[in-house]
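Observations on the three-dimensional arrangement
Residue-level listing of the chains:
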Amino acid sequence: MYILGIETSCDETGVAIYHSKKGLLSHHLHSQASLHSEYGGVVPELASRDHIRKLIPLVKKTLHTAAIRSKDITGIAYTAGPGLAGALLVGAATARSLAWTWKIPAVAVHHMEGHLLAPMLESEQPAFPFLALLISGGHTLLVQVSAIGQYQQLGESLDDAAGEAFDKTAKMLELGYPGGPRLADLALQGNAKRFHFPRPMTDRPGLDFSFSGLKTYTMNTLAATSKSAQDKADIACAFQLAVAETLTLKCRRAIRQTGLKRLVIAGGVSANLQIRESLTRMCHRENTELFFPRLEFCTDNGAMIAYAGCQRLLAGQQETLEITIKARWPIDSLQ
Ligand code: KG4
Ligand code: ZN
């Protein structure tokens, strides 16, 4: 079964071909980072227009790299939500039109399910059940995963998502867009001992997160300095450490509460090396296996959508020809 995967939920056009037995055959990504950088964040209308321009050429390129023809494709998977409505519509309309033309099925994939299953593209895959920490620009979720499509949400961010907090803090430090990776780079120059930022919501029970207070804390800390390059690096370092330790503490709590000894981390922020290291140390102490996708599959990509769609088609999922998207879509409503 050759599955074409299409991802257009935000500012990356991702296309991939996954084969149910041979695995991932090809994948390509077009990032819109340079398009949005002069505005300091994603401009939804520009994102949609760019997906329109780039998607079909990227599909052709991905078919070429996989050395297959369109008639070999047996199904199409596309991100139907959550995400930017206009951007999602480009992927949904293209996927459904190609499927109709090629007389093959198309399936709508939940973007966060794509992230959650991204570690399945690696050689060492987690067995079910496992815990998943999903940390992206729009979501921070702790999920108990019993099987594909069986997701119980244990915790979420009550305000900013982890990636959003990285991006907003980076903006405050005038690092530009995309902020997360730039803040991580700057943090390498920082002195971790100079500032101590709070670890939000760690002193009360539960598995929810809150990151907006860290933003205010950053603003006040920055205002009390001369805003030199070293001040900014020290703040970046303290902020990143606070996020890493907060995520780690909540994951440890989830491991102890559920007794599950396998943890997956995925989503754009899981590319952060300090977060990976902090979780790796904790998992070692808790005798828990840790799984994460390779760096390029932490952030948005077509491969995770092709994989998730393939599993859904193999499970017999069928959908009508209707082009529908869901800008908001809780992961625990999936089946
Ligand atoms: O999963 P993703 O590509 O898109 C969404 O689904 O939102 O995640 C993007 C987020 C952005 O907020 C970006 O700043 C953050 O992931 N990110 C990082 C790193 N790489 C990407 N945050 C911290 N450290 C990184 N190395
Ligand atoms: Zn994402």
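Note that the structure is predicted; figures quoted are calculated from it, not measured.

A cis amide bond links Gly 81 with the next residue in sequence, Pro 82, at an omega value of -15°. Look at the link from Tyr 177 to Pro 178: it is a cis peptide, with omega at -5°. Relative to the helices and strands, Pro 178 resides in the loop between helix H5 (162-172) and helix H6 (179-187). Despite not being glycine, Ala 67 shows a phi value in the positive range, around 55°. Inspection of the secondary structure puts Ala 67 in the loop between helix H2 (44-66) and strand S4 (75-81).

This next bit is on the packing of aromatic side chains. Working definition: an aromatic ring pair is given by the centre-to-centre distance plus the angle between the planes. According to the stated counting rule, one finds 5 aromatic pairs in the structure shown. A ring pair is formed by Phe 166 and Phe 239, whose centres lie 5.2 Å apart and whose planes are at 85°; its orientation type is edge-to-face. One end of the pair, Phe 166, is in helix H5; the other, Phe 239, is in helix H8 (residues 229-258), and 73 residues separate them in sequence. Comparing Phe 166 with Phe 239, the two get one shared label, buried. With centroids separated by 4.9 Å and ring planes inclined at 65°, the aromatic side chains of Phe 197 and Tyr 217 adopt a geometry described as edge-to-face. Of this pair, Phe 197 sits in the loop between H6 and helix H7 (212-223) while Tyr 217 sits in helix H7, placing them 20 residues apart in sequence. Owing to a relative accessible area of 0%, Phe 197 belongs among the buried residues under this scheme.

Turning our attention to the coordination of the zinc ion (ligand 2). Within the first shell, the zinc ion (ligand 2) binds the protein through His 111 (NE2), His 115 (NE2) and Asp 300 (OD), at distances of 2.0 to 2.1 Å. In primary-sequence terms, the residues that donate to the zinc ion (ligand 2) follow H-x3-H-x184-D. Remark: Asp 300 occurs in the loop between strand S10 (289-291) and helix H10 (302-314) and His 111 occurs in helix H4 (residues 111-117); sequence separation between them is 189 residues. For the pair formed by His 111 and Asp 300, the shared burial category is buried.

Before going further, it helps to spend a moment on the site of ligand 1. Neighbouring ligand 1 are 17 residues; His 115, Gly 137, Asp 167, Gly 268 and Asp 300 lie closest to it. The contact in question runs from an oxygen atom of ligand 1 to an N or O atom on the backbone of Asp 300, over 3.0 Å. For ligand 1, whose accessible area on its own is 550 Å², the fraction buried by protein is 87%. Elements with a minimum of two residues in the shell around ligand 1: H4, H5 and H6. The dominant element in the shell around ligand 1, judged by the number of residues it contributes, is H5, at 3 residues. Of the residues belonging to the shell around ligand 1, the class tally is 4 nonpolar, 11 polar and 2 charged. Composition of the shell around ligand 1 by domain shows at least three residues from each of domain 1 (2-116 + 297-333) and domain 2 (127-292).

Take the sheet that holds S4 next. Read across the sheet, 5 strands follow the order S3-S2-S1-S4-S5 without closing on themselves; strand pairing throughout is mixed. The outermost strands of the open sheet, each flanked by one partner alone, are strand S3 (23-31) and strand S5 (106-110). Looking at each pair of strands side by side, their axes are set apart by 20° on average, direction ignored. Judged from the 4 bridges that link them, strand S1 (residues 2-7) and S4 form a sheet pairing that is parallel. Note that in S4 the partner of Leu 4 across the bridge is Ile 76. Where H2 meets the sheet, it contacts S1, strand S2 (12-19) and S3, and its direction lies at approximately 25° from that of S2.

Turning to the sheet that holds strand S9 (residues 262-266), a few remarks are in order. Spatial ordering of the open sheet is given by S8-S7-S6-S9-S10, a layout of 5 strands whose pairing is mixed. The open sheet has two edge strands, strand S8 (150-156) and S10, and neither has a second partner. Across this sheet, the average inter-strand angle for adjacent strands is 25°, counted without regard to direction. As defined by bridge partners, S9 adjoins S10 across 3 bridges and the pair is classed as parallel.

Let's shift gears to H7. Relative to the 16 Å expected for 12 residues at 1.5 Å per residue, H7 spans 17 Å between its end C-alpha atoms, a close match to the ideal helical length. Residues of H7 that are buried sit in contact with H5 and H8.

Moving on to the domain arrangement of the chain. Domain annotation of the chain identifies domain 1 (2-116 + 297-333) and domain 2 (127-292). Each of domain 1 and domain 2 has a C-alpha centre, and these two points are 27 Å apart. Contacts between domain 1 and domain 2 engage 18 residues on the former and 22 residues on the latter. Of the roughly 1,700 Å² buried at the junction of domain 1 and domain 2 (both faces included), carbon and sulfur atoms supply 71%. For domain 1, the biggest contributors to the area lost against domain 2 are Met 112, Leu 116 and Cys 298; these three give 38% of the whole. Applying the counting criterion to the domain 1 and domain 2 interface returns 4 residue pairs in polar contact (both at pLDDT 80 or more). Secondary-structure elements contributing two or more residues to the side of domain 1 that touches domain 2 are helix H1 (33-37), H4 and H10. The element best represented in the side of domain 1 that touches domain 2 is H4, accounting for 4 residues. Its residues placed into classes, the side of domain 1 that touches domain 2 shows 7 nonpolar, 7 polar and 4 charged.

How each quantity is defined
Per chain, the residues get numbers from 1 upward, laid out in the order the sequence is written. Lettering for chains starts from A, numbering for ligands starts from 1, and both go in the order in which the items are written. Where local features are concerned, this predicted model is filtered to residues with pLDDT of at least 70; where side-chain atom pairs are given and counted, the filter is 80 or more; whole-chain, interface and lining totals use all residues. As a rule here, side-chain values cover all heavy atoms of the structure and leave hydrogens and water aside. Secondary structure is summarised from DSSP: a helix means a run of H or I of at least four residues, a strand means a run of E of at least two, and numbering begins at the N terminus for each. Two aromatic rings, drawn from Phe, Tyr or Trp (for Trp, its six-membered ring), form a pair once their centres lie within 6.5 Å of each other, and the interplanar angle then sorts them: stacked below 30 degrees, edge-to-face above 60, tilted otherwise. The classification of residues rests on relative accessible area computed with a 1.4 Å probe and restricted to protein chains. Under 20% of the type maximum is buried, over 50% is exposed, and intermediate values are partly exposed. Listed donor atoms are N, O and S within 2.8 Å of the metal (Na, K and Ca: 3.2 Å). As water is not included, a site may look incomplete. Whether a residue is near a molecule or strand is decided by its heavy atoms; if any one of them lies within 4 Å of it, the residue is near. Each polar contact in these results corresponds to two N or O atoms within 3.5 Å; when the atoms are within protein, one needs to be able to donate a hydrogen and the other to accept it, and residues that are neighboring in sequence are counted only if both atoms are side-chain atoms. The Shrake-Rupley method, run with a 1.4 Å probe sphere, supplies the accessible areas, and residue values consider only the shown protein chains as cover. Note on residue classes: Ala, Val, Leu, Ile, Met, Phe, Trp, Tyr, Cys and Pro are nonpolar, Asp, Glu, Lys and Arg are charged, and everything else, Gly too, is polar. Either an automatic procedure or a domain database provided the assignment from which the domain bounds are taken. When DSSP finds two or more bridges between two strands, those strands count as paired. Simply put, an axis is a line fit to the C-alpha atoms, just over the touching stretch for a helix, and the angle between two N-to-C directions goes from 0 to 180 degrees. Between two residues, a contact is recorded if the distance between any of their heavy atoms is within 4.5 Å. A helix is expected to span 1.5 Å for every residue after the first. Buried area adds together the accessible area that both of two parts lose upon being put together, with accessible area traced by a 1.4 Å probe.

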